[in-house]
Structure formats: C-alpha cells, structure tokens
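Survey of secondary and tertiary structure
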Amino acid sequence: MKRLLTTLVGLAMFLSVTGGDCSRARVESLNQMNEGVLLAQQKRFVEAEKALDRAGAIDGTNDQAFYNLALVHMELRSFERAKEDLNRAISANGDIAGYHEKLGTVLIELEDWPAAKEAFEGSISRDPDLFKAYYKLAQVHEKLDQPQEALQRYTEACQHGPRFLEAYSSLGRLYADLGYLDQASQVLQSGLQVAIPGTEEVASLHHLLGTVYEGQGNDAQAIAEFRSALEIVPGMRDALFSLGWTYARQDNREEARRYLKKFIDVAGGEAPPHYIKAAQDRLGELGGP
C-alpha cells in the first residue's frame, strides 16, 4: 500500500500547489487527503481514517480520497467499509481499472463471489493488461465451481504477467487437480523457465512439478524435483513429506525414514494434523530406529 499511497499523495500535492481551476473545496479536500495518506504511511490508521473521511466529505468527487480511505479500511480489516469507499470512488470516477480490481479483492474477503467476479471483469474491461485481475478472477471461478473458466483466466494471467509465478503455480495445480497431468507439467516447466533461480517461488514450482510426476508414476523425476525444492528451502514441509512418502512407496526405508522424520521435526503446529499422523503411521510401518 505504501508505494501506491506515495504516488497518489505526490499527485495530490501537485494539484494543491498548482491550483489551476480547482475549487476551494477541492483544494481543501486534497490537503486533507494528503494528511491522511501521510498518516497512513506512518501506520497511524485511525487518524488517517478521520482525515480521509474529511477529505471525502468536503469534496464528494474526490475519488482518490475514497480509494485511499478504502486502503486504510483494508488495513484495519473493515472490509464492509472498504467496499463502501470503493463504490464511492467508482461512482466519482468509474474509468480507473484499479478501483474495480481493489473492489473485487475486498469482495473476495467478504466471500461475495458473484459480485467479485463482476468487479474483476470490470477491471479487465478497462485495463486488459492488469494480470492480477485475471488471476483473482480465476480464483473466484474456482470458488464458483467453474474450473474451465478458471483455467482460461489463469492462462491469461500468465500471458499478461509472464513472470507472475503465482499464476503458473495455480494453473499447474488446477490442471493436476482436474487430471490433466501433461498440461500441468508443461505449465510448471514454463514457470521455471522465467523464474528467478533460488527463490521460494521456484521451490514451490519444483514441489508442484514433483507431485505431477508422482501422479504420472515417474518416481525418479518426482524425487529429483522434491530434492530441487529442498536445495532451495531445506525446511520446506511439503517437499519433505512428499519426498519421504515417495521413498516409502519405493521401499527405500532408510531415505523414507530420514525425510519423514525431518518433516515431523519441522512440522510443528503448522502442518495439517492428518499429514503428521500419516507420516507417523508410515514411520511405524517402516520400523527401524
């Protein structure tokens, strides 16, 4: 939020100084907005909320004030208020794609999937290159049990944001969930080709690709991918479990015990309980020290 707020405050300060044809109300509204933005940057959100409220009350056409107020309400997790703010921003200036995208994001938090779908579609119609809107719209389609539409939107997110790895991960995962393992493998390999080496996102792609190879019955390739993930993030729980489980299926008891024990050691209270139980049960079956 800070980078966006900085951009807006710079624009608002320029308008305040130059004046032009701005009315006195608009200038005062921009001054109040600037104050609110600066307070928000200092994480003084309650004070920022009051200043931005004043900005909107002074000039009901100041769409930036309502948008910034929505960002503050999102920080405060007041999503109903944020929805109201964004609707007011859109009423004042409906041409800004980012307002519609942010409204969709808020509606996801409120689990209003049909309205979120409409908001993201409105965002894309105004800016066809807004790749995160395609990605979030795909997530909404999944919630609406519309997998084919989700596949299309994830694909468009990859096309418009060719280095946005979350889109590759989600598209590959959904293809795999639907049983399209060859397509899943191709997507995840494409993600690895554009990824920055050594990042956690790359580790996640390697793990997902490993699960796809595992589903294809290619344990050797699966193990190679799980190991690649662990070379980047040695304590990656999912990769530790997957690697140990694959070794156990191969009856490589020593390696299976090694990685399943590591998984249990790092799992803590964050891993799903059924995974921990499955690992413990499999260790019991494997025997040994």
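Everything here concerns the structure above.
Before going into details, it helps to say that this report is about the structure given with it. Just so you know, these numbers come straight off a predicted model, no measurement behind them.

This part is about the overall build of the protein. Check the secondary structure of the protein and you find 16 helices and zero strands. Residues classed as buried in the protein amount to 45% of the 289 residues present. Of the charged side chains in the protein, 31 are positive and 42 negative; the average position of the first set lies 4 Å away from that of the second.

Moving on, we come to the packing of aromatic side chains. If you walk through the whole model with that rule in mind, you get nine aromatic pairs. With a centroid separation of 5.7 Å and an interplanar angle of 55°, the aromatic rings of Tyr135 and Tyr154 are classed as tilted. Taken as a pair, Tyr135 in helix 8 (residues 131-143) and Tyr154 in helix 9 (residues 147-160) lie far apart in primary sequence, 19 residues in all. For Tyr135, a relative accessible area of 10% gives the class buried. Taking relative accessible area as the criterion, Tyr154 reaches 1% and is therefore assigned buried. Where Tyr175 meets Tyr180, the ring centres are 6.1 Å apart and the plane angle is 70°; that geometry is what we call edge-to-face. The partly exposed category is assigned to Tyr180, whose relative accessible area is 35%. Taken together, the ring pairs connect Phe131, Tyr135, Tyr154 and Phe164 into an aromatic cluster. Over the ring of Trp245 we find Arg282; its NZ or CZ atom is 4.1 Å from the centre of that ring.

On to the pattern of salt bridges, then. What the rule picks out here adds up to 20 salt bridges. The shortest N-O distance in the salt bridge between Glu101 and Lys136 comes to 2.7 Å. Residue Glu101 is located in helix 6 (residues 97-109), and its partner Lys136 is located in helix 8; the two are separated by 35 residues in the primary sequence. Taking relative accessible area as the criterion, Glu101 reaches 9% and is therefore assigned buried. Judged by its relative accessible area of 18%, Lys136 falls in the buried class. Sharing partners across several salt bridges, the network here consists of Glu49, Asp53 and Arg81.

What counts as what
- Residues numbered from 1 in each chain as written.
- Predicted model: local features only at pLDDT ≥ 70, side-chain atom pairs only at ≥ 80, totals over all residues.
- Heavy atoms only, no water.
- Helix = DSSP H or I, 4+ residues; strand = E, 2+ residues; numbered from the N terminus.
- Buried < 20%, exposed > 50% of the residue type's maximum accessible area, 1.4 Å probe, protein only.
- Lys, Arg positive; Asp, Glu negative; His and termini not counted.
- Charge placed at Lys NZ, Arg CZ, Asp CG, Glu CD.
- Phe/Tyr/Trp six-rings, centres within 6.5 Å; stacked < 30°, edge-to-face > 60°.
- Lys NZ or Arg CZ within 6 Å of the ring centre and 35° of its normal.
- Salt bridge = Lys/Arg side-chain N within 4 Å of Asp/Glu carboxyl O.

As far as function goes, none of this settles anything; it's purely spatial.
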